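Coordinate analysis (summary)
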Amino acid sequence: MELGKKVNSIIFDRDKKKFKILSGDIGEYDLLKVKKVRILYEDAKFYKKSPPFSHTMLLSSFEPLFVAMKNVYVGIEIVFDDNKKVYAYVSEEKQQQFSDEFHKTKREAEEIKEMFENLKE
C-alpha cells in the first residue's frame, strides 16, 4: 500500500504528513507524532454503544477449542508521543473470530500497522 491513498477507514496524506480516521476517533492527526500502533479487537456487543475499543478482547489461538466463537470488530490503536491514544476501525462489520473474513481483515490491519512503522524509519 502506498501513502496518499485510503486504506480502510484511514486516509494517509504524504504531502501534509497527516492521516485522517473516518471510522472510530474521527479526525485528522499528525503522522510524525505517532509513537506506536497495535491491533485490537473490540467485543461486537459494545460497538457504537461506548467509546471505540473501550471493550477490547484478547484473542488466543487456543480459544476455539474451549469457548464459543465471538463476534468482534478489528481495529488499530494509535499512540502518539504524548501518550494520547486514538482508535480506528478496520472492519466495517462484525466478524466471527478466526473466520476467513476475520483473517483477511487482520492482515489488512497488519498492513496498516506496517505503514505507520515504515513512516518512522
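Here, every reference points to the structure presented above.
No experiment lies behind these values; they were computed from the predicted model shown. (Residues numbered from 1 in each chain as written. Predicted model: local features only at pLDDT ≥ 70, side-chain atom pairs only at ≥ 80, totals over all residues. Heavy atoms only, no water.)

So, the nonpolar core
Side chains of a nonpolar character, in soluble globular proteins, are inclined to be buried together. As a reminder of what qualifies: Within this scheme, the nonpolar core is defined by two criteria: the residues are buried Ala, Val, Leu, Ile, Met, Phe, Trp, Tyr or Cys, and they are joined through side-chain atoms within 4.5 Å. Throughout this description, buried means an accessible area under 20% of the type-specific maximum (1.4 Å probe, protein chains only), exposed means over 50%, and partly exposed covers the range between. Note on conventions: DSSP H or I runs of at least 4 residues are helices, E runs of at least 2 residues are strands, and numbering of each starts at the N terminus. Pairs of residues are marked as contacts when any of their non-hydrogen atoms sit within 4.5 Å.
One finds Phe12, Phe19, Ile76, Ile78, Ile112 and Phe116 to be the most contacted residues of the largest nonpolar core, which totals 26 residues. Looking at this core, the elements with two or more residues in it are β2 (10-13), β3 (18-21), β5 (34-43), β6 (71-80), β7 (85-89) and α2 (100-119). The contact partners of Phe19, leaving out residues within four places of it in the chain, are Ile10, Ile11, Phe12, Gly27, Glu28, Tyr29, Asp30, Leu31, Val34, Ile78, Phe80 and Phe116. Tyr47, Phe53, Tyr73 and Tyr87 belong to the second largest nonpolar core, which has seven residues in total.

Observations concerning the side chain of Ser91
What counts, and what does not: Whenever two N or O atoms come within 3.5 Å, that pair is a polar contact, provided that in protein one can donate a hydrogen and the other can accept it, and provided that, for residues adjacent in sequence, both atoms are side-chain atoms.
Of note, Ser91 is situated in the loop between β7 and β8 (95-96). One polar contact links the side chain of Ser91 to the main-chain amide nitrogen of Val74, over a distance of 2.7 Å. Residues within four places of Ser91 in sequence aside, it is in contact with Tyr73, Val74 and Thr105.

Purely geometric stuff here, so don't read any function into it on its own.
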